[in-house]
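Structural features, examined
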Amino acid sequence: MNVLIIGSGGREHALAIALAKSRSLTRLFITPGNPGTATVAEAIVLDVADHSAVVSLCQLLSIGLVVVGPEAPLVAGIADDLSAAGIACFGPGRAAAQLEGSKGFTKDFCRDFGIPTAAYGRFDRMDAALSFVRAKGAPIVVKADGLAAGKGVVVATTLAEAEAAVRSMFDGGFGAAGAEVVIEEFLEGEEVSFFALSDGERAVAFSSAQDHKRVGDGDTGPNTGGMGAYSPAAIMTQDMSARVMREIIAPTIAGMRKRGMPFRGVLFAGLMIGADGPKLIEYNVRFGDPEAEVVLTRLESDLLDLLFGCARGCLPEGTPQFSNEAALTVVLAARGYPGAVIKGSEIRGIEVAARLPGVTVHYAGARRDGVRLLADGGRVLAVTATGKSVAQAQSRAYAAVDAIDWPGGVCRRDIGWRAVARERAHSLPRV
Ligand code: AMP
Ligand code: GLY
């Protein structure tokens, strides 16, 4: 089968590497791709927002499956338009993509189907929202309803901060995404990214990861798309995973079917594991980035068979298999990220890094200029390594980071700290 991947990040590089291993694959295409995907997939130039152009190209190249990396094309209905033309697409249609595209939709959905999540209110008027936060007090969480590139959430520790967030959202600080605001209870606990694949009827767990969203060491500074991750998340024991499937994923898949908008694709649940069990923070309708880099690096099952099964409503029997090894990825970002960055600085030494044991360098916002590799975005590389423990994966990943010569790049130095501390505590002799 010929496959087309849509996207250009580290996530899509990881998807390309995993799909390239499939026995069912004939040719692998990617649009637009990046310098890393060039070794496993053929890059094509295409305006993804032009759905009829995507359909025509798929027909021309006899594409049997389109795999959509980011959420925007899904929210724009690319899966609907491909399906209407008889082309299988991994990723939900526009209606089901509301699980990510509208926080208000998801909160109401959770209420209707008894899915555990933070208590909340939805507001389209500033005065009502302000009265609500004053009545509830801090800490409290203020969210713009629509897609805001991961920046539409303010976890307010004081009432003044909460009021300022409400005002800035209604004053247009987040564009159209802030026309409606969701305000919710602050959840305490440990955050985890949990993945499940679904064909609309059945769902299977697809491992877990822990992301590091803040830009700075010690989880400080502004939120980002993710500065590093590891998989699996230790808190996701078999029992906890089964509980999440039972209490959160299964009722979601059943509820979406009941609503006439079956969910086919990967359901990425951002969870808070607290004293009274798992609660849903948010859904995404695509793989996480950098979570995909670590989860897919550990995958042993055939990814193409799984994704095609989801798209066609016939997920293969059994559960996807993952290596018992840990994987950890460190994001190298251009200085200034998540604010404005300077593009065009040169990166050297990737070949040396990639030869180190267990290491894969996933490319993201980078481009080639002849033989030179140049930074071309915020998150530029995701340096990934496997190991027998998170500690080993971490030391291998940082050895690879240190082999890369890029003065314009920065990274966190503590990716995996929580898991490494846990491993240390467990290996201490008990007295
Ligand atoms: P979201 O975009 O909804 O994932 O929110 C971004 C981040 O804000 C999450 O990854 C959490 O760290 C934090 N967050 C969101 N909602 C809550 C909540 N109700 N309680 C505590 N933290 C939250
Ligand atoms: N790393 C979080 C996300 O992809 O949304």
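Everything discussed here concerns the structure shown above.
What comes next is a walk through the structure. Not measured: the values here are computed from a predicted model.

**Side note on the side chain of Ser198**
Within the fold, Ser198 resides in strand S10 (residues 190-199). For Ser198, a relative accessible area of 1% puts it in the buried group. A polar contact is formed between the side chain of Ser198 and the backbone nitrogen of Gly200, at a distance of 3.0 Å. At 3.4 Å, the side chain of Ser198 and the backbone oxygen of Phe263 are in polar contact. Leave out the neighbours within four places in its chain, and Ser198 touches Ala203, Ile253, Phe263, Arg264, Gly265, Cys310 and Leu315.

**Here we look at the packing of aromatic side chains**
For the structure on display, the rule yields eight aromatic pairs. Geometrically, the ring pair formed by Phe195 and Phe268 is tilted, given 4.7 Å between the ring centres and 45 degrees between the ring planes. Highlighted residues: Phe195 in strand S10 and Phe268 in strand S15 (residues 264-274), separated in sequence by 73 residues. For Phe195, a relative accessible area of 1% corresponds to the buried category. Measuring from centroid to centroid gives 5.9 Å for Phe206 and Phe287, while their planes differ by 50 degrees, and the two rings are tilted. A residue pair is termed long-range when its members are at least 10 positions apart, and Phe206 in strand S11 (residues 203-211) and Phe287 in the loop between strand S16 (277-284) and helix H10 (291-298) qualify at 81 residues. Among the residues examined, Phe206 registers a relative accessible area of 0% and is labelled buried. When its relative accessible area of 3% is taken as the criterion, Phe287 is described as buried.

**Concerning the side chain of Thr37**
Mapped onto the elements, Thr37 comes out in the loop between strand S2 (28-32) and strand S3 (42-43). The buried category is assigned to Thr37, whose relative accessible area is 1%.

**Notes on the sheet that holds S3**
By definition, the strands of a sheet pair up through backbone hydrogen bonds, in either a parallel or an antiparallel sense. Pairing in this open sheet of five strands is parallel, and the strands run S3-S2-S1-S4-S5 from one edge to the other. Since the sheet does not close on itself, it has two edges, and those belong to S3 and strand S5 (88-90), each with one partner. Where strand S1 (residues 2-7) lies against strand S4 (residues 63-68), five bridges are found, and the strand directions are parallel. Of the residues in S4, the one forming a bridge with Val3 is Leu65.

**Notes on the environment of Leu187**
Turning to its location among the elements, Leu187 is positioned in the loop between strand S9 (181-185) and S10. Sequence-wise, Leu187 and Leu4 are 183 residues apart; in three dimensions their C-alpha atoms are separated by 39 Å. In this view, Leu187 contacts Ala118, Met272, Lys279 and Ile281; residues no more than four positions away in its chain are not counted.

**Notes on the nonpolar core**
Core analysis: the largest hydrophobic core is formed by 49 residues, its most contacted members being Val66, Leu82, Leu99, Phe194, Ile249 and Leu271. Ignoring sequence-local partners within four residues, the contact set of Leu271 consists of Glu190, Glu191, Val192, Phe194, Met236, Val244, Ile248, Lys279, Leu280 and Ile281. Ala14, Leu65, Ala229 and Val294 belong to the second largest nonpolar core, which has 38 residues in total.

**As for the pairing of S9**
Counting buried positions along S9 yields four of five residues, so the element is predominantly enclosed. When strand S6 (residues 120-123) meets S9, the two strands line up antiparallel, connected through four bridges. When the sheet's bridge partners are listed, Arg122 is paired in S9 with Val182. Sheet topology note: the strand S7 (residues 140-144)/S9 ladder contains five bridges and is antiparallel. Considered in S9, the bridge of Ala144 is made with Val181.

**Some details on the site of ligand 1**
Lining the immediate environment of ligand 1, one finds 15 residues, of which Glu184, Glu185, Leu187, Glu191 and Glu282 sit closest. A distance of 2.9 Å is found between a nitrogen atom of ligand 1 and a backbone nitrogen or oxygen belonging to Glu185. A distance of 2.4 Å separates an oxygen atom of ligand 1 from a polar atom in the side chain of Glu191. Coverage of ligand 1 by the protein chains reaches 91% of its 470 Å² of free accessible surface. Going through the elements one at a time, S7, strand S8 (153-156), S9 and S16 are the ones with two or more residues in the shell around ligand 1. Each residue belonging to the shell around ligand 1 can be placed in one class, and the counts come to eight nonpolar, no polar and seven charged.

**Concerning the environment of Gly387**
Among the secondary structure elements, Gly387 is positioned in strand S22 (residues 379-387). Residues Gly387 and Pro357 lie 30 residues apart in sequence; the distance between their C-alpha atoms is 9.1 Å. Leaving out residues up to four positions away in the same chain, Gly387 has contacts with Glu325, Ala326, Gln392, Ala393 and Arg396.

The rules behind these values
- Residues numbered from 1 in each chain as written.
- Chains lettered and ligands numbered in written order.
- Predicted model: local features only at pLDDT ≥ 70, side-chain atom pairs only at ≥ 80, totals over all residues.
- Heavy atoms only, no water.
- Helix = DSSP H or I, 4+ residues; strand = E, 2+ residues; numbered from the N terminus.
- Buried < 20%, exposed > 50% of the residue type's maximum accessible area, 1.4 Å probe, protein only.
- Polar contact = N/O pair within 3.5 Å; in protein donor to acceptor, adjacent residues only side chain to side chain.
- Contact = heavy atoms within 4.5 Å.
- Phe/Tyr/Trp six-rings, centres within 6.5 Å; stacked < 30°, edge-to-face > 60°.
- Pairing = 2+ DSSP bridges.
- Core = buried A, V, L, I, M, F, W, Y, C linked by side-chain atoms within 4.5 Å.
- Near = heavy atom within 4 Å.
- Areas by Shrake-Rupley, 256 points an atom, 1.4 Å probe, with all protein chains shown as cover.
- Nonpolar A, V, L, I, M, F, W, Y, C, P; charged D, E, K, R; others polar.

Everything listed is a geometric property; what it means functionally is a separate question.
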